[in-house]
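Letter by letter, the chains look like this.
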Amino acid sequence: NAGVMQNPRHLVRRRGQEARLRCSPMKGHSHVYWYRQLPEEGLKFMVYLQKENIIDESGMPKERFSAEFPKEGPSILRIQQVVRGDSAAYFCASSPTVKNSPLHFGNGTRLTVT
Amino acid sequence: GQQLNQSPQSMFIQEGEDVSMNCTSSSIFNTWLWYKQDPGEGPVLLIALYKAGELTSNGRLTAQFGITRKDSFLNISASIPSDVGIYFCAGQGTYGGSQGNLIFGKGTKLSVKP
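Sequence order as written defines the numbering, with residues in each chain counted from 1. Each chain is given a letter, starting from A, and each ligand a number, starting from 1, according to the order in which they appear as written. Whole-chain, interface and lining totals are the exception, using all residues; otherwise, since this is a predicted model, local features are given only for residues with pLDDT of at least 70 and side-chain atom pairs are given and counted only at 80 or more. Side-chain metrics rest on all non-hydrogen atoms present in the structure, leaving aside hydrogens and water.

Participant: An account of the side chain of Q6(B) is needed here, citing residue identities and associated values.
Facilitator: Residue and element names in this part refer to chain B. Position of Q6 relative to the elements: it lies in strand β1 (residues 4-7). Burial classes follow relative accessibility: with a 1.4 Å probe on protein chains only, a residue under 20% of its type's maximum area counts as buried, one over 50% as exposed, and anything between as partly exposed. A relative accessible area of 10% means that Q6 is categorised as buried. The term polar contact refers here to a pair of N or O atoms within 3.5 Å; inside protein, the definition further demands a hydrogen-donor-capable atom paired with an acceptor-capable atom, and it admits residues adjacent in sequence only when both atoms are side-chain atoms. Among the polar contacts made by the side chain of Q6, one reaches the main-chain amide nitrogen of C89 at a distance of 3.4 Å. Within polar-contact distance, the side chain of Q6 engages the backbone nitrogen of G107 at 3.0 Å. Residue contacts are defined here by distance: any two heavy atoms, one from each residue, within 4.5 Å place the two residues in contact. When near neighbours in sequence (up to four residues on either side) are disregarded, Q6 contacts M21, N22, C23, W34, Y87, F88, C89, G105, K106, G107 and T108. Each helix is a run of DSSP H or I of at least 4 residues and each strand a run of E of at least 2, with the numbering of both proceeding from the N terminus.

Participant: How would you sum up the layout of surface pockets? Please name residues and give values.
Facilitator: For the largest pocket, the calculated volume is near 580 Å³. Site definitions follow a grid-based scheme: protein atoms alone, a 1 Å grid, a 1.4 Å probe that fits but cannot get out for cavities, and for pockets an open set with protein on both sides within 12 Å along at least five of seven lines, plus lining residues having an atom within 4 Å of a point. Q37(A), E40(A), E41(A), Q37(B) and I86(B) are the residues nearest the centre of the largest pocket, which is lined by 24 residues in total. Of all the elements in the fold, those that place two or more residues in the lining of the largest pocket are β9 (88-95) of chain A together with β9 (85-92) and β11 (108-112) of chain B. Following the grouping adopted for this structure description, the nonpolar residues are Ala, Val, Leu, Ile, Met, Phe, Trp, Tyr, Cys and Pro, the charged ones are Asp, Glu, Lys and Arg, and the polar ones are all others, Gly among them. Tallied by class, the residues present in the lining of the largest pocket amount to 10 nonpolar, 8 polar and 6 charged. Grid points are joined across faces, edges and corners, and a volume is the space filled by probe spheres set on the points.

Participant: Requested: an account of the interface of chain A and chain B, with residues and values cited.
Facilitator: On the side of chain B, 22 residues touch chain A, which itself brings 26 residues to the contact. Contact between chain A and chain B buries roughly 1800 Å² in total, counting both sides, with carbon and sulfur atoms accounting for 49%. What makes a salt bridge here is a side-chain nitrogen of Lys or Arg within 4 Å of a carboxyl oxygen of Asp or Glu, nothing more. Here chain A and chain B share 1 salt bridge between them. In this structure, K106(B) and E41(A) form a salt bridge, with 3.9 Å as the shortest nitrogen-oxygen distance. Along the contact surface separating chain A from chain B lie 6 residue pairs in polar contact (both at pLDDT 80 or more). Buried surface area refers to the total accessible area, computed with a probe of radius 1.4 Å, that the two partners give up upon joining, counted for both partners together.

Participant: Tell me what's going on with the packing of aromatic side chains, and back it up with residues and numbers.
Facilitator: Two aromatic rings from Phe, Tyr or Trp, using only the six-membered ring of Trp, form a pair when their centres are within 6.5 Å; if the ring planes differ by under 30 degrees the pair is stacked, by over 60 it is edge-to-face, and anything between is tilted. What the rule picks out here adds up to 9 aromatic pairs over all chains. Measuring from ring centre to ring centre gives 5.4 Å for F105(A) and Y35(B), while their planes differ by 85°; the resulting arrangement is edge-to-face. With one member in each of two chains, F105(A) in strand β10 (residues 104-105) and Y35(B) in strand β4 (residues 31-37) form a pair that bridges those chains. Judged by its relative accessible area of 11%, F105(A) is buried. Through pairs of rings, three or more aromatic residues link up here, namely Y35(A), F45(A), F105(A), Y35(B), F88(B) and F104(B).

Participant: A description of unusual backbone geometry should follow, citing residues and the corresponding values.
Facilitator: Residue P8(A) is reached from N7(A) by a cis peptide bond, and omega for that bond is -5°. Within the fold, P8(A) resides in the loop between β1 (5-7) and β2 (10-13). Of note, the amide linkage connecting S7(B) to P8(B) takes the cis form, showing an omega dihedral of -5°. Phi at A78(B) is positive, roughly 50°, even though this residue is not glycine. Mapped onto the secondary structure, A78(B) falls in the loop between β8 (71-76) and β9.

Encoded structure:
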(Lines give C-alpha, C1' and ligand atoms only; values in the text may rest on other atoms or scores of the structure.)
Protein backbone atom coordinates (compact mmCIF):
# COMPACT_ATOMS: atom_id res chain seq x y z
CA ASN A 1 0.00 0.00 0.00
CA ALA A 2 1.88 3.03 -1.27
CA GLY A 3 2.16 5.99 1.04
CA VAL A 4 1.88 9.66 0.17
CA MET A 5 4.13 10.32 -2.81
CA GLN A 6 5.76 13.67 -3.35
CA ASN A 7 7.98 14.81 -6.17
CA PRO A 8 10.47 16.10 -6.75
CA ARG A 9 12.35 15.35 -3.52
CA HIS A 10 14.66 18.28 -4.11
CA LEU A 11 14.01 21.38 -6.20
CA VAL A 12 16.35 24.26 -6.87
CA ARG A 13 15.00 27.48 -8.34
CA ARG A 14 16.49 30.90 -8.98
CA ARG A 15 14.73 33.94 -7.58
CA GLY A 16 11.79 34.90 -9.77
CA GLN A 17 11.21 31.42 -11.19
CA GLU A 18 8.17 29.25 -10.53
CA ALA A 19 8.16 26.13 -8.35
CA ARG A 20 5.63 23.33 -8.82
CA LEU A 21 5.41 20.65 -6.15
CA ARG A 22 3.36 17.50 -6.66
CA CYS A 23 1.61 15.21 -4.25
CA SER A 24 -0.27 11.96 -4.79
CA PRO A 25 -2.28 10.96 -1.71
CA MET A 26 -2.49 7.47 -0.30
CA LYS A 27 -4.90 5.18 -2.10
CA GLY A 28 -8.44 5.80 -0.94
CA HIS A 29 -7.63 9.20 0.59
CA SER A 30 -9.55 12.15 -0.79
CA HIS A 31 -8.26 14.86 1.57
CA VAL A 32 -4.90 16.51 0.94
CA TYR A 33 -3.01 18.97 3.10
CA TRP A 34 0.14 21.02 2.51
CA TYR A 35 2.51 22.03 5.28
CA ARG A 36 5.78 24.00 5.31
CA GLN A 37 8.72 23.33 7.60
CA LEU A 38 11.64 25.67 8.22
CA PRO A 39 14.89 24.29 9.73
CA GLU A 40 14.62 23.53 13.46
CA GLU A 41 10.88 24.27 13.39
CA GLY A 42 7.65 22.32 13.48
CA LEU A 43 5.37 22.06 10.50
CA LYS A 44 3.05 24.95 9.67
CA PHE A 45 -0.31 24.40 7.99
CA MET A 46 -0.81 25.98 4.59
CA VAL A 47 -3.89 24.58 2.85
CA TYR A 48 -6.45 21.75 2.94
CA LEU A 49 -8.07 20.48 -0.24
CA GLN A 50 -10.54 17.89 -1.37
CA LYS A 51 -10.99 16.93 -5.00
CA GLU A 52 -11.55 20.16 -6.96
CA ASN A 53 -12.20 22.16 -3.79
CA ILE A 54 -10.13 24.27 -1.43
CA ILE A 55 -11.53 23.72 2.06
CA ASP A 56 -9.16 25.80 4.19
CA GLU A 57 -6.41 28.07 2.88
CA SER A 58 -5.95 30.06 6.06
CA GLY A 59 -2.22 29.24 6.16
CA MET A 60 -1.42 30.20 2.60
CA PRO A 61 0.44 33.43 1.90
CA LYS A 62 -1.88 35.83 0.13
CA GLU A 63 0.33 36.27 -2.91
CA ARG A 64 2.36 34.00 -5.18
CA PHE A 65 1.13 30.73 -3.62
CA SER A 66 -1.68 28.59 -4.98
CA ALA A 67 -2.81 25.00 -4.65
CA GLU A 68 -5.10 22.70 -6.54
CA PHE A 69 -6.30 19.13 -6.34
CA PRO A 70 -7.91 18.31 -9.69
CA LYS A 71 -10.38 15.55 -10.37
CA GLU A 72 -7.63 13.54 -12.04
CA GLY A 73 -3.97 13.62 -11.09
CA PRO A 74 -1.92 14.82 -8.16
CA SER A 75 -2.34 17.86 -5.99
CA ILE A 76 -0.07 20.73 -7.01
CA LEU A 77 1.40 23.45 -4.82
CA ARG A 78 2.57 26.30 -7.02
CA ILE A 79 4.85 29.12 -5.94
CA GLN A 80 5.29 31.93 -8.44
CA GLN A 81 8.24 34.31 -8.52
CA VAL A 82 10.05 32.50 -5.73
CA VAL A 83 12.15 34.42 -3.21
CA ARG A 84 14.89 33.18 -0.88
CA GLY A 85 12.45 33.11 2.03
CA ASP A 86 10.46 30.41 0.23
CA SER A 87 13.32 27.95 0.81
CA ALA A 88 11.90 25.26 3.07
CA ALA A 89 10.68 21.68 3.14
CA TYR A 90 7.12 21.35 1.88
CA PHE A 91 5.17 18.35 3.10
CA CYS A 92 1.97 16.92 1.78
CA ALA A 93 -0.33 14.78 3.89
CA SER A 94 -3.53 12.90 3.19
CA SER A 95 -6.37 11.35 5.12
CA PRO A 96 -9.47 9.31 4.34
CA THR A 97 -12.92 10.84 4.55
CA VAL A 98 -13.43 10.13 8.27
CA LYS A 99 -13.53 13.33 10.29
CA ASN A 100 -10.50 13.94 12.51
CA SER A 101 -8.65 10.93 11.12
CA PRO A 102 -4.85 11.23 11.50
CA LEU A 103 -2.80 12.75 8.71
CA HIS A 104 -0.18 10.64 6.92
CA PHE A 105 2.74 12.60 5.53
CA GLY A 106 4.92 12.19 2.48
CA ASN A 107 8.71 12.63 2.54
CA GLY A 108 8.53 16.22 1.38
CA THR A 109 10.03 18.42 -1.32
CA ARG A 110 13.03 20.45 -0.26
CA LEU A 111 12.93 23.74 -2.13
CA THR A 112 16.08 25.80 -2.34
CA VAL A 113 15.92 29.26 -3.88
CA THR A 114 19.25 30.64 -5.02
CA GLY B 1 -2.29 32.30 16.96
CA GLN B 2 -2.41 28.84 18.47
CA GLN B 3 0.81 27.56 19.99
CA LEU B 4 2.02 24.34 21.48
CA ASN B 5 4.84 24.35 23.99
CA GLN B 6 6.86 21.18 23.66
CA SER B 7 9.58 20.23 26.12
CA PRO B 8 12.32 19.43 26.42
CA GLN B 9 13.75 20.91 23.21
CA SER B 10 16.45 18.28 23.14
CA MET B 11 17.71 15.41 25.20
CA PHE B 12 20.40 12.78 25.13
CA ILE B 13 19.57 9.17 25.65
CA GLN B 14 21.58 6.14 26.62
CA GLU B 15 20.39 2.81 25.40
CA GLY B 16 17.99 1.27 27.88
CA GLU B 17 16.89 4.55 29.46
CA ASP B 18 13.27 5.69 29.66
CA VAL B 19 12.42 8.98 27.95
CA SER B 20 9.60 11.41 28.63
CA MET B 21 8.45 14.51 26.77
CA ASN B 22 5.32 16.64 26.87
CA CYS B 23 3.26 19.29 25.17
CA THR B 24 1.05 21.96 26.65
CA SER B 25 -1.35 24.42 25.09
CA SER B 26 -3.50 27.36 26.12
CA SER B 27 -6.27 25.95 23.90
CA ILE B 28 -8.14 22.67 24.07
CA PHE B 29 -7.92 20.10 21.29
CA ASN B 30 -10.15 17.27 20.11
CA THR B 31 -7.20 15.12 19.15
CA TRP B 32 -3.54 14.89 20.12
CA LEU B 33 -1.06 13.26 17.77
CA TRP B 34 2.57 12.27 18.21
CA TYR B 35 4.88 12.03 15.20
CA LYS B 36 8.55 11.10 14.73
CA GLN B 37 10.66 12.64 11.99
CA ASP B 38 13.99 11.27 10.81
CA PRO B 39 16.43 13.46 8.84
CA GLY B 40 15.32 14.04 5.26
CA GLU B 41 11.97 12.34 5.75
CA GLY B 42 8.40 13.22 6.58
CA PRO B 43 6.79 12.84 9.99
CA VAL B 44 5.56 9.35 10.78
CA LEU B 45 2.51 8.94 12.99
CA LEU B 46 3.28 7.16 16.28
CA ILE B 47 0.15 7.54 18.38
CA ALA B 48 -3.24 9.26 18.01
CA LEU B 49 -5.31 10.20 21.07
CA TYR B 50 -9.01 11.03 20.78
CA LYS B 51 -10.44 11.22 24.31
CA ALA B 52 -9.50 13.25 27.36
CA GLY B 53 -7.73 10.99 29.84
CA GLU B 54 -6.98 8.36 27.20
CA LEU B 55 -3.77 6.39 27.69
CA THR B 56 -2.56 4.57 24.58
CA SER B 57 0.46 2.37 23.92
CA ASN B 58 2.28 1.42 20.75
CA GLY B 59 5.05 -1.04 21.61
CA ARG B 60 7.51 0.77 23.87
CA LEU B 61 5.68 4.07 23.39
CA THR B 62 2.94 5.30 25.69
CA ALA B 63 1.05 8.57 25.32
CA GLN B 64 -1.71 10.23 27.29
CA PHE B 65 -4.32 12.84 26.40
CA GLY B 66 -4.58 15.19 29.38
CA ILE B 67 -7.86 15.50 31.27
CA THR B 68 -8.02 19.24 30.57
CA ARG B 69 -7.50 18.53 26.82
CA LYS B 70 -4.67 21.06 26.90
CA ASP B 71 -1.73 18.73 27.27
CA SER B 72 -0.24 15.38 26.35
CA PHE B 73 2.87 13.39 27.17
CA LEU B 74 4.84 10.71 25.37
CA ASN B 75 7.00 8.13 27.12
CA ILE B 76 9.51 5.81 25.48
CA SER B 77 10.61 2.88 27.60
CA ALA B 78 13.95 1.08 27.30
CA SER B 79 15.23 3.31 24.50
CA ILE B 80 17.23 1.85 21.61
CA PRO B 81 19.52 3.64 19.11
CA SER B 82 16.84 3.84 16.42
CA ASP B 83 14.70 5.99 18.74
CA VAL B 84 16.98 8.89 17.83
CA GLY B 85 15.13 11.56 15.84
CA ILE B 86 12.77 14.49 16.34
CA TYR B 87 9.43 13.92 18.03
CA PHE B 88 6.56 16.31 17.37
CA CYS B 89 3.26 16.69 19.14
CA ALA B 90 0.32 18.08 17.20
CA GLY B 91 -3.14 19.21 18.24
CA GLN B 92 -6.20 19.01 16.07
CA GLY B 93 -9.65 20.61 16.24
CA THR B 94 -11.93 22.84 18.40
CA TYR B 95 -10.22 26.17 17.98
CA GLY B 96 -11.96 26.92 14.72
CA GLY B 97 -9.43 25.36 12.43
CA SER B 98 -10.40 22.76 9.87
CA GLN B 99 -9.68 19.10 10.51
CA GLY B 100 -6.46 19.29 8.55
CA ASN B 101 -5.13 22.35 10.34
CA LEU B 102 -2.84 20.69 12.85
CA ILE B 103 -0.89 22.83 15.27
CA PHE B 104 2.61 21.41 15.74
CA GLY B 105 5.04 21.82 18.59
CA LYS B 106 8.64 22.72 17.78
CA GLY B 107 9.85 19.21 18.46
CA THR B 108 11.98 17.30 20.93
CA LYS B 109 15.28 16.16 19.46
CA LEU B 110 16.54 12.86 20.81
CA SER B 111 20.27 12.20 20.40
CA VAL B 112 22.59 9.50 21.66
CA LYS B 113 24.70 10.33 24.71
CA PRO B 114 28.32 10.83 23.70
